[in-house]
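Spelled out from the first residue to the last, the chains are:
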Amino acid sequence: YGPWAIVAGASEGLGAAYARALARRGLDLLLAARRAEPLERLADELHRRHGIDVRIVAGDLALPETIARLADEASRLDVGLVVYNAAHAPVGEFLAVDPASLERVAHVNVLGPVRLARALLPGLASRGRGGIVLMSSLAGNQGTARIATYAASKAFNRVLAEGLWSELGPRGIDVIACTAGAVRTPGYAGAADRDAPGTLGADQVAERALRALARGPVVIPGFVNRVAAVLLGKLLPRRAAIRLMAATTRRLSS
């Protein structure tokens, strides 16, 4: 897909894991996230370790002007792969979460990938080859209490990836939604006091998604997570699946 890849939401955790996995493959990187300092540290690490070119765009991916800056920088590069990992995930009862935080979920998790894909896909299509990775979640396979808006946004990303996979495959563009379970990241560690069943390391998730990209449209990293997806999506009645997910997220807001 190279020679350049974009990772949006790359400052830490899963986004940084994607950046490291792509750097190991020899791709030059354009990294984006809100905070400049961790991006600069990661860029320096990857350049020193792998000898690749790394550029950064620091800005809030909830804002269209940040997406525009990222697309403008990408227009000067031969970008073949885009990973959208940025996410906002407020935890708590819907009525207790600040309305601005709920709206931010829509701006970062929904409008962000739509805007970035729409800005970059013409370039990928003109190359006749490319790839897009969108992050979804097992939480998005059904309504999930205490992270209801986040779960809904992840359902959007999975369905968006499926539609784009169908549309763009004939044009040489591979698209996949990585439907992850719990991922061991700084954000998850701050919300949960222990690992959930099937929790994976960020490096494991990134590697699994990249290896599955050519097959699309959805990958579920981890055996336990694949079993959970079958249980929740096919074996349990919808109400039971929603209640089970509510039980697993209760401790996140306790």
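Preceding this paragraph is the structure being described.
In this numbering scheme, every chain counts its residues from 1 along its sequence in written order. Given that this is a predicted model, residues contribute local features only at a pLDDT of at least 70 and side-chain atom pairs are listed and counted only at 80 or more, while totals for whole chains, interfaces and linings are drawn from all residues. With hydrogens and water set aside, each side-chain value is computed from the structure's full complement of heavy atoms.

Draft legend 1. Quick look at the pattern of salt bridges. One side-chain nitrogen of Lys or Arg within 4 Å of one carboxyl oxygen of Asp or Glu is enough to make a salt bridge. Tallying each qualifying case throughout the model produces 16 salt bridges. Here Asp72 ties to Arg76 by a salt bridge, and the two come within 3.2 Å at their closest N and O atoms. Connected through salt bridges with shared partners, the residues Asp53, Arg55, Asp72, Glu73 and Arg76 form a single ionic network.

Draft legend 2. Structural view of the layout of surface pockets. Grid points spaced at 1 Å over the protein atoms alone were grouped into cavities, where a 1.4 Å probe fits but cannot get out, and pockets, open sets with protein on both sides within 12 Å along at least five of seven lines, with lining residues defined by an atom within 4 Å of a point. Grid points are joined across faces, edges and corners, and a volume is the space filled by probe spheres set on the points. The space that makes up the second largest pocket amounts to roughly 180 Å³. Among the elements of the structure, helix H4 (99–127) and helix H5 (148–168) are those that each provide at least two residues to the lining of the second largest pocket. Numbering of helices and strands runs from the N terminus, with a helix taken as a DSSP run of H or I at least four residues long and a strand as a DSSP run of E at least two residues long. In terms of residue count, H4 provides more of the lining of the second largest pocket than any other element does, six residues in total. In terms of residue class, the lining of the second largest pocket is built from nine nonpolar, no polar and three charged. Any residue that is not Ala, Val, Leu, Ile, Met, Phe, Trp, Tyr, Cys, Pro, Asp, Glu, Lys or Arg is counted as polar, Gly included; the first ten are nonpolar and the last four charged.

Draft legend 3. Expanded view of the side chain of Asp28. Counting through the fold element by element, Asp28 comes out in strand S2 (residues 28–33). Type-normalised accessible area, obtained with a 1.4 Å probe on protein chains alone, sets the label of each residue: buried when under 20%, exposed when over 50%, and partly exposed for intermediate values. Residues scored as charged are limited to Lys and Arg (positive) and Asp and Glu (negative), so that His and the chain ends carry no count. Here Asp28 sits buried without a salt bridge, and the closest side chain of opposite charge, Arg55, lies 7.9 Å off (N-O distance). A 3.5 Å cut-off defines polar contacts: any pair of N or O atoms within that distance qualifies, except that in protein one atom must be a possible hydrogen donor and the other a possible acceptor, and neighbouring residues in sequence count only when both atoms are side-chain atoms. In this structure the side chain of Asp28 is engaged in a polar contact, spanning 2.8 Å, whose partner is the backbone nitrogen of Asp53. Whether two residues are in contact is decided by their heavy atoms, any of which lying within 4.5 Å being enough. Every residue in contact with Asp28, bar those within four places of it in the chain, is listed here: Pro3, Trp4, Ala5, Ile52 and Asp53.

Draft legend 4. Structural context of helix H8 (residues 223–235). One less than the residue count of a helix, multiplied by 1.5 Å, gives the span that helix is expected to have. Across its 13 residues, H8 extends 17 Å between first and last C-alpha, which sits within 8% of the 18 Å expected from 1.5 Å per residue. All of the buried residues along H8 are Asn225, Ala229 and Leu232. In an axial view of H8, the angular spread of the buried residues amounts to 80°, which keeps them on one side of the axis. Turned more than 90 degrees from where H8 packs its buried face, Phe223, Lys234 and Leu235 sit exposed. Note: the arc covers the axis-to-C-beta directions of the helix.

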